[in-house]
Amino acid sequence: MRACVPLTVAILCGLAWAENPKEPELFLELEEETEGAPASSLYLAPSSCQGRCLEAFDKHHSCHCNARCPEFGNCCEDFESLCGHEGFSHSSDAITKEELQSVSEKIYRADTNKARKEDIVLNSQNCISPSETRDQVDRCPEPLFTYVNEKLFSKPTYSAFLNLLNNYQRATGRGEHFTAQELAEQDTFLREIMKTAVMKELYGFLHQQNRYSSEQEFVSDLKNMWFGLYSRSKEERDSSGFEHVFSGEVKKGKVTGFHNWIRFYMQEKEGLVDYYSHIYDGPWDSYPDVLAMQFNWDGYYKEVGSAFIGSSPEFEFALYSLCFIARPGKVCQLSLGGHPLAIQTYTWNKSTYGNGKKYIATAYVVSSTH
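Residues numbered from 1 in each chain as written. Predicted model: local features only at pLDDT ≥ 70, side-chain atom pairs only at ≥ 80, totals over all residues. Heavy atoms only, no water.

Caption draft 1: Structural view of the packing of aromatic side chains. Going through the model one piece at a time under the given rule, you end up with 32 aromatic pairs. Positioned above the aromatic ring of tyrosine 108, the side-chain terminus of lysine 114 is 5.2 Å from the ring centre. (Phe/Tyr/Trp six-rings, centres within 6.5 Å; stacked < 30°, edge-to-face > 60°. Lys NZ or Arg CZ within 6 Å of the ring centre and 35° of its normal.)

Structure, rendered in structure tokens:
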């Protein structure tokens with residue numbers, strides 16, 4: 001599969017990867033909850049390290065919480081109490097770009113549950129220019145998915161993932177309330193993905209990096225950051241990272257999140273998703289690949305939505321978690337099959353869990369080149 005944008009820039013979901021792949025620049029739209037917000041405003045209390053442990057240096061902050069602030073003597077007063085106990089307080093614990101690229105390649109190779117080339121027949125049809133994404137014109141008469149081998153969905157992680165998708169109301173402003181069965185389904189999903197080589201690779205890396213002392217601590221944190229509820233609208237606890245990224249939401253008349261190919265396929269099969277066009281088709285010759293597309297979800301439009309295609313649920317969950325933990329609120333540069341790929345995450349800045357930890361607001365692929 002190849003990029004269809006006739007530019008030297010490969011464009012995906014709100015950002016572009018310029019000729020220098022080290023310098024992605026803003027392009028198109030950001031997710032709804034981050035529109036118009038400078039990066040520095042995504043964090044609470046700039047005079048405190050609450051929710052800011054290991055964040056990148058920002059000259060506009062009066063004090064800092066990064067791994068090297070002890071060396072420069074400019075840490076916030078609560079740095080040691082909030083960040084030191086997590087083993088992040090030494091520069092040797094900072095995760096480098098090279099380490100991220102190395103572990104992402106290992107995760108990529110470990111994804112044995114991914115679709116094979118013959119498992120999916122994709123009909124990407126009409127490629128449009130970035131300037132046309134706001135037109136809301138259906139340029140593709142056929143569905144995106146011509147064929148999917150649904151035997152994939154009988155695999156334990158796929159089955160557990162699918163069970164989660166009907167546990168949410170897509171409209172923000174309506175509180176989410178989980179039944180005992182739905183809470184058990186969250187635990188089942190986490191238990192099944194932790195059996196995979198993909199998640200074992202991720203945990204082993206983060207354990208080695210002093211992020212987690214035990215697998216139990218890691219799984220508990222994943223459950224909080226992904227499934228913990230917070231409010232995107234009014235005072236209702238109406239959203240979570242998992243709902244937003246994998247299931248999708250509607251806020252102010254627009255689709256937000258919805259970055260998962262399995263969800264897309266199932267909704268398209270039911271006649272609820274109408275595929276309109278795409279602006280980017282990634283460089284991978286096998287799955288997982290990446291597609292940036294436009295679509296209508298039962299009456300609501302998604303202007304630019306990127307998604308892995310053909311990846312296992314644990315693969316996406318692992319990469320998004322890796323980037324959120326290593327580069328919260330930042331662009332996270334990875335490598336998959338020798339091709340650079342960047343993921344953007346955002347932290348939810350209005351509430352926390354544990355000792356000031358942030359929930360995932362969103363995570364999605366933002367750029368790639370070849």
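Caption draft 2: Quick look at the nonpolar core. Among the nonpolar cores identified, the biggest contains 88 residues, and Trp226 and Phe242 are the most heavily contacted of them. Among the elements that take part in this core, helix α10 (residues 313-326) stands out by supplying ten residues, more than any other. Once residues within four sequence positions are removed from consideration, tryptophan 226 is found in contact with Ser240, Gly241, Phe242, Val245, Phe246, Phe317, Tyr320, Ser321 and Ile360. (Core = buried A, V, L, I, M, F, W, Y, C linked by side-chain atoms within 4.5 Å. Buried < 20%, exposed > 50% of the residue type's maximum accessible area, 1.4 Å probe, protein only. Helix = DSSP H or I, 4+ residues; strand = E, 2+ residues; numbered from the N terminus. Contact = heavy atoms within 4.5 Å.)

Caption draft 3: Looking closely at the state of the cysteines. Under the definition given, this model contains two disulfides. Across a sulfur-sulfur distance of 1.9 Å, cysteine 63 and cysteine 76 are joined as a disulfide pair. Because the sign of the S-S torsion sets the handedness, a value of about 85° for the bond joining cysteine 63 and cysteine 76 places this disulfide among the right-handed ones. You can see cysteine 63 sitting in the loop between β3 (24-26) and α1 (69-72) and its partner cysteine 76 sitting in the loop between α1 and α2 (79-82), a full 13 residues away along the chain. The class of cysteine 63 is buried, set by a relative accessible area of 9%. Of the residues examined, cysteine 76 reaches a relative accessible area of 3% and is grouped as buried. Cysteine 323 shares a disulfide with cysteine 332; S-S distance 2.3 Å. Its torsion about the S-S bond being -70°, the disulfide of cysteine 323 and cysteine 332 is classed as left-handed. Of the two residues examined, cysteine 323 and cysteine 332, each falls in the buried class. Note on cysteine 140: no disulfide assigned, nearest cysteine sulfur contributed by cysteine 127 at a separation of 9.3 Å. Here cysteine 140 falls in the buried class, since its relative accessible area comes to 1%. (Disulfide = S-S within 2.5 Å.)

Caption draft 4: Inspection of the pairing of strand β10 (residues 300-309) at higher detail. The buried count for β10 comes to nine of ten residues, which makes it a mostly enclosed element. Direction of pairing for strand β9 (residues 289-297) relative to β10: antiparallel, over a ladder of eight bridges. Within the sheet, the bridge partner assigned to valine 290 lies in β10 and is phenylalanine 308. Hairpin remark: β9 followed by β10, antiparallel, with two residues in the connecting loop; positive phi at aspartate 298, about 50°. (Pairing = 2+ DSSP bridges.)

Caption draft 5: Structural context of the pairing of strand β8 (residues 273-281). Most of β8 sits inside the fold, with eight of its nine residues counted as buried. As judged from the seven bridges shared by β8 and β9, these two strands associate in the antiparallel manner. Note that in β9 the partner of tyrosine 280 across the bridge is alanine 292.

Caption draft 6: Focus on helix α4 (residues 156-164). Along α4, the residues that are buried comprise Thr157, Tyr158, Ala160, Phe161 and Leu164. For α4, the arc enclosing every buried residue in end-on projection is 165°, short of the 170-degree limit, so these residues lie on one face. Where α4 is buried, its residues contact α5 (180-193), α7 (215-227), α8 (241-247), α9 (261-269) and α10. (Arc of directions from axis to C-beta.)

Caption draft 7: Seen up close, the confidence of the model for the protein. For the protein, mean pLDDT is 83; residues scoring 70 or higher make up 83% of the total. Here residues 6-45 is modelled with pLDDT under 50, and outside its nearest four sequence neighbours on either side it reaches 114 contacts, counting other chains as well. With pLDDT under 50 throughout, residues 85-92 is counted as low confidence; its partners more than four residues away or in other chains account for 22 contacts. (pLDDT = per-residue confidence, 0-100.)

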